[in-house]
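Listed here are the chains, written in short residue letters.
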Amino acid sequence: CTLGTFTKAVLMSSYFSRAGSWWKNYVNPLIKTRCRWNQQLWRYLAARPAEQKTFDKILVANRGEIACRVMRTCKRMGIRTVAVHSDVDANAVHARMADEKVCIGPAPSAESYLRMDAILDAVKQTGAQAVHPGYGFLSENGHFAEKLVDAGVVFIGPGVRAIEAMGDKIESKLLAKRAQVNTIPGFDGVVQDAEEAVRIASDIGYPVMIKASAGGGGKGMRIAWNDDDVREGFRLSSQEAKSSFGDDRLLMERFVDNSRHIEIQVLADTHGNAVSGTDPLVLLLTDEHYCVHNK
């Protein structure tokens, strides 16, 4: 938390706290807590042994805000970065921010950011030692992670087995059932077409959620309240899943209205270190403290 940011926070707090208790009781403490966590994080990073091995160059296999966040952190750590971009993103912020950039195809994601071969070629061309996938695109694709490992490149993310188990919603639901964990009622296989989706929805009972098996971030998801919604939702969800993740498989389950989102954040590394729950470092790095404070 910089001095300028802290000063602005204090001034804004002084102004808004006069308008009501909401800012004083919630937002102001949150700002102060965020500043304290930032200070703890940078003290932690500064305390690392000087001889601790890190990477010289990382390729960021994504674009937009997440790519910029990764690159800013790499810059603070003295790590060079490589951006991959489509032809229309050549002058995008993430491409200009990186030390090097490689064009991997035309504008459609399926022909650029989802092309494993093009990204692997960019890794070889630039000599990057590791790949950070960001979120979306290939971040939860076990096949991509496996290809990187086979090429001797570090995948900055979960191991292949973990991705295969939890990166695919159909597989993760089956795994949860085998572990006797309660799951939302639904169809645990791949929905083949719109008419099959209508039959499944009738068996489950409306409303239903049509959901992409791959990826996340709310992409490829539609709520359906009747047969017509199912047909339209199946078409739109499969198209969005294909363009976002290169995988158009869909599943269906009962839609739970007015539900609460509960997440437990866990961070671990290859050296056996792990932190979880409301640990300040986890909340800062995952940016999920709003969820924890609210729920």
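Look up: the structure comes first, before these words.
What you are looking at is a predicted structure, and each value in this text was computed from that prediction instead of being measured. (Residues numbered from 1 in each chain as written. Predicted model: local features only at pLDDT ≥ 70, side-chain atom pairs only at ≥ 80, totals over all residues. Heavy atoms only, no water.)

### A look at the packing of aromatic side chains
No. 1: Scanning the entire structure with this criterion turns up 3 aromatic pairs.
No. 2: Ring centres 5.3 Å apart and planes at 10° place the aromatic pair Y113 and F137 in the stacked group. Residue Y113 is found in the loop between strand 3 (100–105) and helix 5 (116–126), and its partner F137 is found in the loop between strand 4 (130–132) and helix 6 (142–150); the two are separated by 24 residues along the sequence. (Phe/Tyr/Trp six-rings, centres within 6.5 Å; stacked < 30°, edge-to-face > 60°. Helix = DSSP H or I, 4+ residues; strand = E, 2+ residues; numbered from the N terminus.)

### Concerning helix 3 (residues 64–76)
No. 1: End to end, helix 3 covers 19 Å across 13 residues, agreeing with the expected 18 Å (1.5 Å per residue, within 8%).
No. 2: Buried within helix 3 are the following residues: I66, A67, C68, V70, M71 and C74.
No. 3: Packing partners of the buried residues in helix 3 comprise strand 1 (57–60), strand 2 (80–86), helix 4 (93–97) and strand 4.
No. 4: Backbone geometry just after helix 3 places G78 at a positive phi near 75°. (Expected span 1.5 Å × (residues − 1). Buried < 20%, exposed > 50% of the residue type's maximum accessible area, 1.4 Å probe, protein only. Contact = heavy atoms within 4.5 Å.)

### Looking at helix 9 (residues 194–204)
No. 1: Considered for burial, the residues of helix 9 that qualify are E196, A197, V198, I200, A201 and I204.
No. 2: Taken together, the buried residues of helix 9 touch strand 6 (186–187), strand 7 (208–212), helix 10 (227–245) and strand 9 (250–254).
No. 3: In this structure D193 caps helix 9, since a side-chain oxygen of it lies 3.2 Å from the backbone nitrogen of E195.
No. 4: One or two steps after helix 9, the chain reaches G205, where phi turns positive at roughly 100°. (Polar contact = N/O pair within 3.5 Å; in protein donor to acceptor, adjacent residues only side chain to side chain.)

### Details of the side chain of K57
No. 1: Note that K57 resides in strand 1.
No. 2: What K57 contacts, discounting residues up to four positions off in sequence, is I79, R80, V82, E100, T126, G127, A128, Q129 and A130.

### Quick word on the environment of A110
No. 1: Within the secondary structure layout, A110 lies in the loop between strand 3 and helix 5.
No. 2: Among the residues examined, A110 registers a relative accessible area of 47% and is labelled partly exposed.
No. 3: For the pair A110 and D247, spaced 137 residues apart in sequence, the C-alpha separation works out to 10.0 Å.

### Looking at the sheet that holds strand 8 (residues 221–224)
The strands that make up a sheet pair up through hydrogen bonds in the backbone, lying either parallel or antiparallel.
No. 1: The antiparallel open sheet is built from 4 strands, whose spatial order is 6-9-7-8. Strands at the two margins of the open sheet, each flanked by one partner only, are strand 6 and strand 8.
No. 2: Bridge count between strand 7 and strand 9: 5 bridges; the pairing is antiparallel. If you follow A212 over to strand 9, its bridge partner there is L250. (Pairing = 2+ DSSP bridges.)

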